[in-house]
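Understanding the architecture of this molecule
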Amino acid sequence: MDRHTVELAALGFQAVFTLLQALVYYALWHRQRRPYFATWASAWALYAMRLGCIAAYIQTRGEPWLLAHQAGTGLTALLLLLAALQFSRGLAWRRRYAWLALAPIAWAAFAVYGIRSMMVAGVTSAVLLSSVTLWTGWVFWRHRARAQSRGPALLAATFTLWGLHHLDYPLLRAYGSGVLFGVFADVTFIMLAAIGTLFLVLGEGRRALEARNAQLEQLTRLLLRSQEDERRRIARELHDEAGQVLTAVKIELDLDGRRKASEMVARALAQVRDLSNLLRPAALDDLGLLPALRALADDFARRTRLEVRLDAPDAAPALAPEAEVALYRVLQEALTNVARHARARRVSVRLETGPQRFLLSIEDDGIGLPGPVVPHLGLLGMNERVSAIGGSLRVANADGAGVRVEASIPVAAPEEAAG
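The following paragraphs examine the structure supplied in this document. Please read these numbers as outputs of a predicted model, since none were measured by experiment. The residue numbers shown here count from 1 along each chain, following its written sequence. Reporting in this predicted model follows two pLDDT cut-offs: at least 70 for local features of residues, and 80 or more for side-chain atom pairs to be given and counted; totals over whole chains, interfaces and linings ignore these cut-offs and use all residues. Calculated side-chain values reflect all of the structure's heavy atoms, with hydrogen atoms and water omitted.

Turning our attention to the pattern of salt bridges. Once their charged atoms are close, side chains differing in charge can pair, the charge on each being opposite to the other. By convention in these notes, a salt bridge is any Lys or Arg side-chain nitrogen within 4 Å of a carboxyl oxygen on Asp or Glu. Within the structure shown, the criterion is met by 7 salt bridges. For Asp 299, the salt bridge goes to Arg 302, with nearest N and O atoms at 2.3 Å. Separated by 3 residues within a single helix, Asp 299 and Arg 302 lie in helix H11 (residues 289-304), roughly one turn from each other. For Arg 302, a relative accessible area of 54% puts it in the exposed group. Numbering of helices and strands runs from the N terminus, with a helix taken as a DSSP run of H or I at least four residues long and a strand as a DSSP run of E at least two residues long. Summary of the burial criterion: residues with accessible area below 20% of their type's maximum are buried, those above 50% are exposed, and those between are partly exposed, where the area comes from a 1.4 Å probe applied to protein chains only.

So, in structure tokens, the structure goes:
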């Protein structure tokens, strides 16, 4: 097999490999509709076409093939630069940019048919491609400094080395020699560019997911705050409006000596007060977290006739309102689950306070969990409240019997820590 055949086969392999690269970028564009992916796909497709043109020129020595190769080289360089600017700066396509495509075509025609110098055409196209490739690498270097990601770093190094490699054609080797080396180097750089793009896409996806999670967490905090405000409003209306009306009716019935009707109204009044307290405990707003937790535990023990032991300090560091509400609701929901499902006799509640975090644990001596924890509305609500303020919730079987619920709450709320 002669040298020309080997070189043509190598160029064909590189062209196929580059077309695959173009298809990858096209698939990324089709999936995400990012304009720079479409531009990269066009650049790689054009790069593959110019390889076919130089292969045809080596075979036939026809000047039209040389013209197409030189023009394709310049257009590929411009497309690579455009893709980099679209990615790093959000550059939008304008129709006037299409006029720039005339410059490499006109220069290629002048070099091939005017000067009629293969050396001039080759050197100018190589210098143009090298300059733009180095510029592309510089764009990614700058983006790397902002993004701190492996994708832009790999792309920056790849395009920088590739830009230097383009100069070896006119400066280090005579025309027609070292084609195999050039093909091997180009395929390597193309592969590295593909890997860098993969890291780039994954990094962007991760950052987008993190931003979306942050937005969801913020929305959750706002929803929970709005929910508590609405609960407070309804509780106040129940206490102030319905409670006062029922109290007035009871007094009238007592004065009229209608004891049975008065007792019925008293029960209704007690239910309204219990409902008001469940919606928004007055002790939490009036007295603070520790008295509210003690009142909740005492009320639960009175209603269910279960033994409830609360171990809490006499004083504790101040918490953000959202954190106090979260701890209260965790205890409230955990005690409700004990009454409904645990078949327990005793419940142990412990609150540990510290300068950084609060730890609330609720443990019963019931039947425990029959299997893995199945999220339900109450458990999801507890978890959402705790997660929204940067805490963590753990529900599992206790060491002996029953269920243990642990909520760890930071002393500073996320928005306060950020401020």
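Further remarks concern the packing of aromatic side chains. Any two rings among Phe, Tyr and Trp, with Trp reduced to its six-membered ring, count as a pair given centres within 6.5 Å; such a pair is stacked if its planes are under 30 degrees apart, edge-to-face if over 60, and tilted if neither. Scanning all chains against the criterion turns up 15 aromatic pairs. Plain terms: the ring middles of Tyr 36 and Trp 40 are 5.9 Å apart, the flat faces sit at 80° to each other, and that makes the pair edge-to-face. Placement of both Tyr 36 and Trp 40 in helix H2 (residues 35-60) is noted, with a separation of 4 residues, approximately one turn of the helix. On the basis of relative accessible area, Trp 40 is assigned to the buried category, the value being 0%. For Arg 50, the ring lying beneath its charged end belongs to Tyr 47, and the centroid distance is 4.8 Å. Counting as a charge over the ring demands two things of the Lys NZ or Arg CZ atom: a distance within 6 Å of the ring centre and an angle within 35 degrees of the ring normal.

Counting residues in hydrophobic clusters, the biggest one holds 43 residues, and the most contacted among them are Leu 11, Phe 37, Trp 40, Trp 44, Phe 140 and Trp 162. Secondary structure elements with two or more residues in this core: helix H1 (3-32), H2, helix H3 (63-89), helix H5 (118-147), helix H6 (150-166) and helix H8 (179-256). In terms of residue count, the dominant contributor to this core is H2 (12 residues). In these notes, a set of buried Ala, Val, Leu, Ile, Met, Phe, Trp, Tyr and Cys residues joined through side-chain atoms within 4.5 Å is what counts as a nonpolar core. Among the nonpolar cores identified, the runner-up in size contains 40 residues, and Leu 293, Ala 323, Val 338 and Ala 344 belong to it.

Next up on the list: the side chain of Thr 136. With respect to the secondary-structure elements, Thr 136 resides in helix H5. Assessed through its relative accessible area of 0%, Thr 136 is described here as buried. Any two residues having at least one pair of non-hydrogen atoms within 4.5 Å are treated as being in contact. Sequence-distant contacts of Thr 136, that is, excluding residues within four places in its chain, are made with Leu 80, Leu 81, Ala 84 and Phe 159.

This part is about the environment of Ser 361. With respect to the secondary-structure elements, Ser 361 resides in strand E3 (residues 357-364). For Ser 361, a relative accessible area of 5% gives the class buried. Each C-alpha atom of the pair Ser 361 and Val 349 lies 5.8 Å from the other, and the pair is 12 residues apart in sequence. Among residues more than four places away in sequence, those in contact with Ser 361 are Ser 348, Val 349, Arg 350, Arg 404, Val 405 and Glu 406.

Any link to function would need more than the numbers given here.
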